[in-house]
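# Coordinate analysis (summary)
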Amino acid sequence: MAATSLSISPNPSFTTTTSHKPSPSLSTPTHLKFPTTTTTTTSPISAKSLSTQHLSQTPPPRATFSTRASAAASTTPSTTFHGLCYVVGDNIDTDQIIPAEYLTLVPSNPSEYEKLGSYALCGLPASYSTRFVDPNQTKSKYSIVIGGANFGCGSSREHAPVALGAAGVAAVVAESYARIFFRNSVATGEVYPLESETRICEECRTGDVVSIELSESRLINHTTGKEYVLKPIGDAGPVIRAGGIFAYAREAGMIPTLSG
């Protein structure tokens, strides 16, 4: 695995380094005959950029679907997310992540996608004195959200992970997730829904500088000097990295690539 270089600063950033692993060769039994096919290898898509360039790209992955899907996932990059964290508690529901009044915004429209980011986590109760997105801004200065148990509960709106991604969030680290939020995060490819082994939300504070070493399943709090073990993202990783379920399927050759 290639080494990852990381600069510690309060501004969100991440670095991706990719190393290729050769896929195992398959031999055909002599008593079977198959049509001759040509295998093409597509370039892996890097993890979602935290810059505004993300607005013009298909957002950021689960399950190995076939041999071709496995080949697409055979490249395992080493990804690091770095920035300020925003800490919330248990049972953060989708209405707190993005209130229903903003669901008329269409994420496929770049200007409306940007507006979704400006409303991310605006439904939190008044006890959260620090706003996730500052007034008159569309991006948050917090690139990593740390939560407690049952994060993303409530309605099944896909806008919830999309709003976080539009605001510039690279990953959410929670003790546990509502299943539909986890699936929507993977399907849209907007954020990495990572699970913690312990209640990190009780040991981190909003504004702490943290890093996530995705390939090592590790979170480092540079403010406190503590490190925490995360549960591996597993087969969801390649789907998120590709930009969501449809982008992954096209990359793996399971569905035709859209022509310009």
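Before reading further, recall that the structure is shown in the block above.
Residues numbered from 1 in each chain as written. Predicted model: local features only at pLDDT ≥ 70, side-chain atom pairs only at ≥ 80, totals over all residues. Heavy atoms only, no water.

### A word on the overall build of the protein
Put simply, the test is: Segments assigned H or I by DSSP are reported as helices when at least four residues long, segments assigned E as strands when at least two residues long, and all are numbered from the N terminus. Only the protein chains shown count as cover for residues, and the accessible areas themselves come from Shrake-Rupley with a 1.4 Å probe.
Counting secondary structure elements, the protein contains seven helices and eight strands. Accessible area for the protein stands at about 13,100 Å²; split by element, carbon and sulfur atoms hold 51% of it.

### What about the packing of aromatic side chains?
The criterion, for reference: For Phe, Tyr and Trp, where Trp contributes only its six-membered ring, two rings pair if their centres lie within 6.5 Å, and the inter-plane angle classes them as stacked under 30 degrees, edge-to-face over 60, or tilted in between. Each residue is assigned to one of three classes by its accessible area relative to the maximum for its type, calculated with a 1.4 Å probe on protein chains only: buried under 20%, partly exposed between the two thresholds, exposed over 50%.
Under the criterion given, the structure shown has nine aromatic pairs. With centroids separated by 3.7 Å and ring planes inclined at 10°, the aromatic side chains of Tyr102 and Tyr119 adopt a geometry described as stacked. Here Tyr102 is found in the loop between helix 2 (94-97) and helix 3 (110-118), whereas its partner Tyr119 is found in the loop between helix 3 and strand 3 (142-146), with 17 residues between them in sequence. The interplanar angle of 5° and the centroid separation of 6.0 Å between the aromatic rings of Tyr177 and Phe181 together place this pair among those described as stacked. There is no split in this pair, since Tyr177 and Phe181 are both buried.

### A closer look at the pattern of salt bridges
Formally: One side-chain nitrogen of Lys or Arg within 4 Å of one carboxyl oxygen of Asp or Glu is enough to make a salt bridge.
Considering all chains together, one arrives at seven salt bridges under this definition. The closest approach of N and O atoms between Glu202 and Arg199, which form a salt bridge, is 2.8 Å. With a shortest N-O distance of 2.6 Å, Glu216 and Arg218 are connected by a salt bridge. Judged by relative accessible area, which is 43%, Glu216 ranks as partly exposed. Connected via shared salt-bridge partners are Asp90, Glu175, Arg199 and Glu202.

### Observations concerning helix 3
Heads up, the rule is: Residues count as neighbours in contact if any of their non-hydrogen atoms are within 4.5 Å of one another.
Taken residue by residue, helix 3 has Tyr113, Leu116, Gly117 and Ser118 as its buried positions. Packed against the buried residues of helix 3 are helix 4 (159-166).

### Comments concerning a nonpolar patch on the surface
The cut-off we apply is this: Note on patches: the residues involved have over 30% relative accessible area and no salt bridge, like charges join within 9 Å, and the nonpolar side chains Val, Leu, Ile, Met, Phe, Trp and Tyr join within 5 Å.
On the surface, Phe246, Met254 and Ile255 cluster together into a nonpolar patch covering about 270 Å² of accessible area. Topologically, Ile255 is positioned in the segment after helix 7 (245-251). Take Ile255: its relative accessible area is 30%, and that puts it in the partly exposed class.

### Observations regarding the environment of Val145
Tracing the chain through its elements places Val145 in strand 3. You can call Val145 buried: its relative accessible area is 0%. Val145 sits 58 residues away from Val87 along the chain, and the two C-alpha atoms are 6.0 Å apart. The contacts of Val145, once residues within four sequence positions are left out, are Tyr86, Val88, Leu121, Phe132, Phe151, Val169, Ala171, Val172 and Val173.

### Here we look at the pairing of strand 7 (residues 218-221)
The following threshold applies: The criterion for strand pairing is that DSSP finds at least two bridges linking the strands in question.
In the sheet, strand 6 (residues 209-213) pairs with strand 7 via four bridges, with the strands oriented antiparallel. Note on strand 7: the bridge partner recorded for Ser211 is Ile220. Connecting the antiparallel pair strand 6 and strand 7 is a turn made up of four residues, with Ser217 showing a positive phi of about 50°. What sits between the antiparallel neighbours strand 7 and strand 8 (residues 226-229) is a turn of four residues, in which Gly225 has the positive phi angle 80°.

### Considerations on unusual backbone geometry
Its identity is not glycine, yet Asn91 carries a phi of approximately 55°, on the positive side. Looking at where Asn91 falls in the secondary structure, it is placed in the loop between strand 2 (78-87) and helix 2. The class of Asn91 is partly exposed, set by a relative accessible area of 44%. Despite not being glycine, Leu121 has its phi angle at roughly 60°, a positive value. Take Leu121: it is sitting in the loop between helix 3 and strand 3.

### What to know about the packing of helix 4 against helix 5 (residues 179-188)
What counts, and what does not: What counts as an axis is a line fitted to C-alpha atoms, over the stretch in contact for a helix, and the angles between N-to-C directions run from 0 to 180 degrees. Here roughly perpendicular refers to angles of 65 to 115 degrees, roughly parallel to angles under 35, roughly antiparallel to angles over 145, and oblique to all remaining angles. Handedness of a helix crossing follows the sense of rotation of the near helix relative to the far helix, less than a right angle counterclockwise being left-handed and clockwise being right-handed.
At a minimum axis separation of 8 Å, helix 4 and helix 5 run at an interaxial angle of 55°. By the criterion of interaxial angle, the relationship of helix 4 to helix 5 is oblique. Where helix 4 crosses over helix 5, the handedness of that crossing is right-handed. Residues Ala160, Pro161, Val162 and Leu164 of helix 4 lie in contact with helix 5, whose contacting residues are Phe181, Asn184, Ser185 and Thr188.

### Topic: the nonpolar core
Which entries qualify depends on this criterion: Buried residues of nine kinds, namely Ala, Val, Leu, Ile, Met, Phe, Trp, Tyr and Cys, make up a nonpolar core once their side-chain atoms join them within 4.5 Å.
Core analysis: the biggest nonpolar cluster contains 58 residues, and Leu121, Phe132, Ile146, Phe151, Leu164, Leu194 and Ile212 have the highest contact counts within it. Among all residues touching Leu194, those that are not within four sequence positions of it are Ala171, Val172, Val173, Ala174, Tyr177, Ile212, Leu214, Leu230 and Ile233.

### Observations concerning helix 4
Counting buried positions along helix 4 gives eight out of eight residues, so the element sits mostly inside the fold. Every buried residue belonging to helix 4 is among His159, Ala160, Pro161, Val162, Ala163, Leu164, Gly165 and Ala166, and all of these are buried. Considering only its buried residues, helix 4 is in contact with helix 2, helix 3, strand 4 (171-174) and helix 5. Where helix 4 ends, the next residue or the one after it, Gly168, has phi of about 105°, a positive value.

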